[in-house]
There are 4 protein chains.
Amino acid sequence: MPGAKLNTDLWINEYISPYDIYAHGLVRILVQKQTAFQEMCIAEAGVQGKALILDGKWQSCTRDEFLYHEPLVHPACIHQGMPQSVLILGGGEGATVREALKWNTVQRVVMVDIDANVVEACKEHLPEMHQGAFEDPRTELVIGDALEYLDNSENEWDIIISDLSDPIEEGPSFKLFTKEYFEQCRRALKPDGCLVVQAGSVGPAEMALHVRLNKTVQSVFEHVVSYSSHVPTYAAPWGYVMGSNQSIEPYPDPGATDRLLKEKTTGPFKILDGRTLLGLMQPPKHLRDAIAAETRIYTLKDPPKFFGKGVGESR
Amino acid sequence: MPGAKLNTDLWINEYISPYDIYAHGLVRILVQKQTAFQEMCIAEAGVQGKALILDGKWQSCTRDEFLYHEPLVHPACIHQGMPQSVLILGGGEGATVREALKWNTVQRVVMVDIDANVVEACKEHLPEMHQGAFEDPRTELVIGDALEYLDNSENEWDIIISDLSDPIEEGPSFKLFTKEYFEQCRRALKPDGCLVVQAGSVGPAEMALHVRLNKTVQSVFEHVVSYSSHVPTYAAPWGYVMGSNQSIEPYPDPGATDRLLKEKTTGPFKILDGRTLLGLMQPPKHLRDAIAAETRIYTLKDPPKFFGKGVGESR
Amino acid sequence: MPGAKLNTDLWINEYISPYDIYAHGLVRILVQKQTAFQEMCIAEAGVQGKALILDGKWQSCTRDEFLYHEPLVHPACIHQGMPQSVLILGGGEGATVREALKWNTVQRVVMVDIDANVVEACKEHLPEMHQGAFEDPRTELVIGDALEYLDNSENEWDIIISDLSDPIEEGPSFKLFTKEYFEQCRRALKPDGCLVVQAGSVGPAEMALHVRLNKTVQSVFEHVVSYSSHVPTYAAPWGYVMGSNQSIEPYPDPGATDRLLKEKTTGPFKILDGRTLLGLMQPPKHLRDAIAAETRIYTLKDPPKFFGKGVGESR
Amino acid sequence: MPGAKLNTDLWINEYISPYDIYAHGLVRILVQKQTAFQEMCIAEAGVQGKALILDGKWQSCTRDEFLYHEPLVHPACIHQGMPQSVLILGGGEGATVREALKWNTVQRVVMVDIDANVVEACKEHLPEMHQGAFEDPRTELVIGDALEYLDNSENEWDIIISDLSDPIEEGPSFKLFTKEYFEQCRRALKPDGCLVVQAGSVGPAEMALHVRLNKTVQSVFEHVVSYSSHVPTYAAPWGYVMGSNQSIEPYPDPGATDRLLKEKTTGPFKILDGRTLLGLMQPPKHLRDAIAAETRIYTLKDPPKFFGKGVGESR
């Protein structure tokens, strides 16, 4: 167990649902600020370590962010096989950039985040997350709107990673979970490029967003898979959706993955290797069943609606 | 979202760690009682559904218990291939029995639980969990001590399932996580039998118990694997350890699994099928690394020590 | 400190304001029920003892209810001097009746409560509160609407005690905090009768309801005083408003009060005697100032609006 | 209600008892620091305003600190009648100094606080509390130990105010609640001087500390009274003990008090005037009864023992 507990019983409560609160005891608050886009907090929690919290939602903690970021970045890169250009939409902490830079094939990583305050605070207070990624000569940081950036990009990227906070209605990332957005992503990708989207909880009570995102990406890309990773901070298994114009291998050979990673990356990896990838890529039956049964897709006219405080869309 | 919220703001707080509390809002309390062994509560939570809580630890909820119970029972049965006799140690709610009975090869399921009060309360208040399993003619319920029961059993079981609450020091299941106990299990198994143990969180901050249980089972069985399932109620990925004298296939073929399940079980399954099994059986790299690095095993002289309120063993 | 703490961390959270939650750990829940009028809970808390909670608001606890009930009943009785007939509107637990019956001059106590379920549950589960008051031959229990009962009463009562739960908008007691209601009370009183109203928090952040109730009673009665008692369960000093057609002594002589109580009551009293009464009757300066500055009164057209969850009227 | 609520659900939980938590939602944290003596936090709460919290205990809030500080300072000054020299032991926020300076008879106020960090932080962040009191030419701030300061003081003070945080065992104020300490105070006072001590909760479940402090002061001073004030932040009525060698008037005449305050102070007062003082000085019957029945006093050999987290002495 970590160091002596605070006498001040200081907690952040996150509503996972209106009936489920995950509360984390804090050791200190490093930053708390209302930016132009969202309410930002960087805090040190007793067990989870240092964390970025946006609009009350825990984005990542030093203790288990690798469980989120390695599975976000590498399956798409492995699928594509030799990523040279990577576009990251969102990704404030810099950990997504950090992972992309592990590929020695990568020549350019552009990260587009709307909130300069968040990025600056993460640079200063969360070096454990970015680990110098913003200083890498291959990295380019753009403060701006993802949609506008995509407007000026075509046939340019091997990998696009949509690493956005959940689409809370009053939050900044609302439109970036719609068919129109994914179509812009496809245009910006090279023909053999690959899109991956952080795609919400796949807990059985809360998988509606994920399931509809899968269908929405299916309306744009020929080949789509859902996969998931356990991230304790989110109190739920967490889902990703990958879309590609190339067929995606459902049973990636562990040995082949290990050889590719050894050859094309510098590592190191905590969770990812060939065997882990094979496991990640097997979505459980009830998730596959729910995707098969879903009909709704998200569009600008019918976007996802989350209202924070755990009140999301019902199934 | 579920029906109208209570005006009475009634919550059960579970300490995942001293700094992490997972709190669930209740709709009603059905049973609350101090038994001879533990404090039992059966409650209806707003989102998680009806739940069994022992000594303040959430054992299972109707909303996501399938994520715990199907992976607990079926991988061992699939590995063994034709289970006829199944011994369940613990398993109060009856959901483990329910799963075992899905195998049409099964002729006898004995469930040994120390706490008659818990079993009776679950029979009455949690029919969604046992689904009549206690009335099946193949089921035999024994109220008693698992260690004593094992003393009188030898070469008898195809499958033994250790479905015990976590080893809180003042709780009833303390000794049932030691080498001596697993040796008794091995004697009670047939030579081609298989043991499976519910084996605690595999969240990166809390995997010490699991890792040592894996090593402890390794000190008794020739072939041992760890695997895990996402169970949101536990706010962490949940681990199991399987031990056998037969080699355990690390990459079970999905098609073969599906055929076996179709032939030998009545189903239905929510999470389990061939593809899900392949995914479950791939422990992530950091867990494999931790197991490889671990040296301690649990014995009666050096048992696991958990003190409830989230204060477990440190790594 | 009381007996061993529950392993189940079971709490009721009461919102004192949207930013202030007073949470009480429970030992057991005795009753939880949605009645026709409100949500009722009777629980045993670790330190506060057995409690009645309506719509999530703590009404009274065995540990400190005397701090609420003795000051509710006796100042009006002492002022009137020889109460024979007492009408209690509300008063579910029976503790208000219990106090009224301590006057040996009292010949008849009628308690009118709208919710038979609450009264029955309190009779069964809270004997510490009513202490047999419902069985006293002088007591008459009427289940019904206070306003309707008052319609049929004129010039009948020495004392009327308005012991109603706070006027939450969706709750049952909404209209009973208006000028029209207090006018009905005055008609039902004898000319030298006295009305007393439980009248909400007088904490500096939350005294708006009390202040306006004082003014509302002033619009009906010639002589009106506010007084208050410390009740820890309410996390605030608690206010009462007394109205009379007779002049109310601001500095009641302690010796005279003690002689009156000795002669006309059976006691015993925990908080009340002559010196306590003198103290209770001195409203603090900031409360007197706020009353002097207030202009709004509550009417059926402009009633108080509280929405539960601590969201009351702003000043 | 105050401005828009934070999206980050940030709370400080104060344990009033092990079963009673008073939680306050924060708008911001201004300071959080472990000093040489205690853990200090200055925060802005949603309703209570800006607050000083030491070792997790709420010391005072801008919203209701006047309910604590005016009754702390003025009754002793009124009793003494013409305070010229005032010694304050503790009193970090500066609000006690502020009140003492309202007496135009006062020529010298010395405040002795052990924790320079707390005083500096209050100076900077809580101007609403001190209101410039530290800059008044009559004020002298001493950073040091109260016991040592008293060692060098004899027959010097008209008023001594003991404004210390509760005697948590690991806290800094432990010895300052004993007979030996109060004897030092008496020596430091002039013959007609008056001591007043902040003396803990007088809620019925928690009044043991107060009752014993009263007895302890009685073992040193000839004339001793307990009195109390409602302070919502403390979730309980709050007690003070006054000790003097002169007889203390139990029923101070309101008019005489008002005349004295008008003549000898600059004001303004929020709660205090003649009528309020008369009310404050009437301790309720159950408190007088408990004091009469108490036999234990606190000495250096048998000091009060509080362990924080609401675990105090049992009755």
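See the structure shown above.
This write-up is about the structure you can find in this document. Everything numeric here is computed off the predicted structure, so don't read it as measured data.

We now examine the interface of chain B and chain A. Contacts between chain B and chain A engage 56 residues on the former and 56 residues on the latter. A combined buried area of about 4700 Å² lies between chain B and chain A, and 62% of that area is made up of carbon and sulfur atoms. Our count for the contact surface shared by chain B and chain A stands at 2 salt bridges. Here chain B is connected to chain A by 25 residue pairs in polar contact (both at pLDDT 80 or more). When contributions to the side of chain B that touches chain A are tallied by element, the ones reaching two or more residues are β1 (9-17), β2 (20-34), α1 (65-80), β11 (223-231), α9 (274-280) and α10 (285-293) of chain B.

On to the packing of aromatic side chains, then. One pass over the full model with this rule turns up 22 aromatic pairs over all chains. One aromatic cluster in this structure is built from Y68(A), Y227(A), Y234(A), W238(A) and Y240(A). Directly above the ring of F134(B) sits K123(B), whose terminal nitrogen or CZ lies 5.2 Å from the centroid.

Okay, unusual backbone geometry next. Residues and elements named next belong to chain A. Look at the link from G267 to P268: it is a cis peptide, with omega at -10 degrees. Locating P268 in the fold gives a position in the loop between α8 (254-264) and α9 (274-280). Here the phi dihedral of N155 falls at roughly 50 degrees; this positive angle occurs in a residue that is not glycine. Note on N155: relative accessible area 47%, which makes it partly exposed.

This part is about the relation of the copies chain B and chain A. Relative to chain A, chain B is turned by 180 degrees and slid 0.0 Å along the rotation axis, the superposed coordinates differing by an RMSD of 0.0 Å. What we have between these two chains is a two-fold relation. A share of 100% of interface residues in chain B that are also interface residues in chain A marks the association as one of identical surfaces.

A separate point is the sheet that holds strand β7 (residues 108-113) of chain C. All names here are of chain C. Read across the sheet, 7 strands follow the order β8-β7-β6-β9-β10-β12-β11 without closing on themselves; strand pairing throughout is mixed. Looking at which strands have only one partner, the edges of the open sheet turn out to be β8 (139-143) and β11 (223-231). Averaged over all adjacent pairs, the angle separating strand axes in this sheet is 15 degrees, with direction ignored. Relative to strand β9 (residues 157-163), strand β6 (residues 85-90) runs parallel, the two sharing 5 bridges.

Residues and elements named next belong to chain D. Read across the open sheet, the 7 strands follow the order β8-β7-β6-β9-β10-β12-β11; overall the sheet is mixed. In the strand order of this sheet, the two ends are held by β8 (139-143) and β11 (223-231), each with one partner. The mean angle between the axes of side-by-side strands here comes to 15 degrees, regardless of whether they run parallel or antiparallel.

Bringing helix α10 (residues 285-293) of chain D into the picture now. For α10(D), every residue scored as buried is listed here: H286(D), L287(D), A290(D) and I291(D). Projected down its long axis, α10(D) carries its buried residues within an arc of 140 degrees, all on one side. Facing away from the buried side of α10(D), by more than 90 degrees, are the exposed residues A292(D) and A293(D). Elements that come into contact with the buried residues of α10(D) comprise α1 (65-80) of chain C together with α7 (208-218) and β11 of chain D.

Where strand β2 (residues 20-34) of chain C lies against strand β2 (residues 20-34) of chain D, 5 bridges are found, and the strand directions are antiparallel. What sits directly across from D20(C), in β2(D), is H24(D). As defined by bridge partners, strand β1 (residues 9-17) of chain D adjoins β2(D) across 6 bridges and the pair is classed as antiparallel. When the sheet's bridge partners are listed, N13(D) is paired in β2(D) with A23(D). Joining the antiparallel neighbours β1(D) and β2(D) is a turn of 2 residues. Bridge analysis of β2(D) against strand β3 (residues 39-45) of chain D gives 7 bridges, and the strand direction is antiparallel. Residue pairing across strands places Q34(D) opposite E39(D), the latter belonging to β3(D). Counting the residues in the hairpin turn of β2(D) and β3(D) gives 4 residues.

What counts, and where the lines are drawn
- Residues numbered from 1 in each chain as written.
- Chains lettered and ligands numbered in written order.
- Predicted model: local features only at pLDDT ≥ 70, side-chain atom pairs only at ≥ 80, totals over all residues.
- Heavy atoms only, no water.
- Contact = heavy atoms within 4.5 Å.
- Buried area = accessible area lost by both parts, 1.4 Å probe.
- Salt bridge = Lys/Arg side-chain N within 4 Å of Asp/Glu carboxyl O.
- Polar contact = N/O pair within 3.5 Å; in protein donor to acceptor, adjacent residues only side chain to side chain.
- Helix = DSSP H or I, 4+ residues; strand = E, 2+ residues; numbered from the N terminus.
- Phe/Tyr/Trp six-rings, centres within 6.5 Å; stacked < 30°, edge-to-face > 60°.
- Lys NZ or Arg CZ within 6 Å of the ring centre and 35° of its normal.
- Buried < 20%, exposed > 50% of the residue type's maximum accessible area, 1.4 Å probe, protein only.
- Least-squares fit on C-alpha atoms with pLDDT ≥ 70 in both.
- Pairing = 2+ DSSP bridges.
- Axes fitted to C-alpha atoms, helices over the stretch in contact; angles between N-to-C directions.
- Arc of directions from axis to C-beta.

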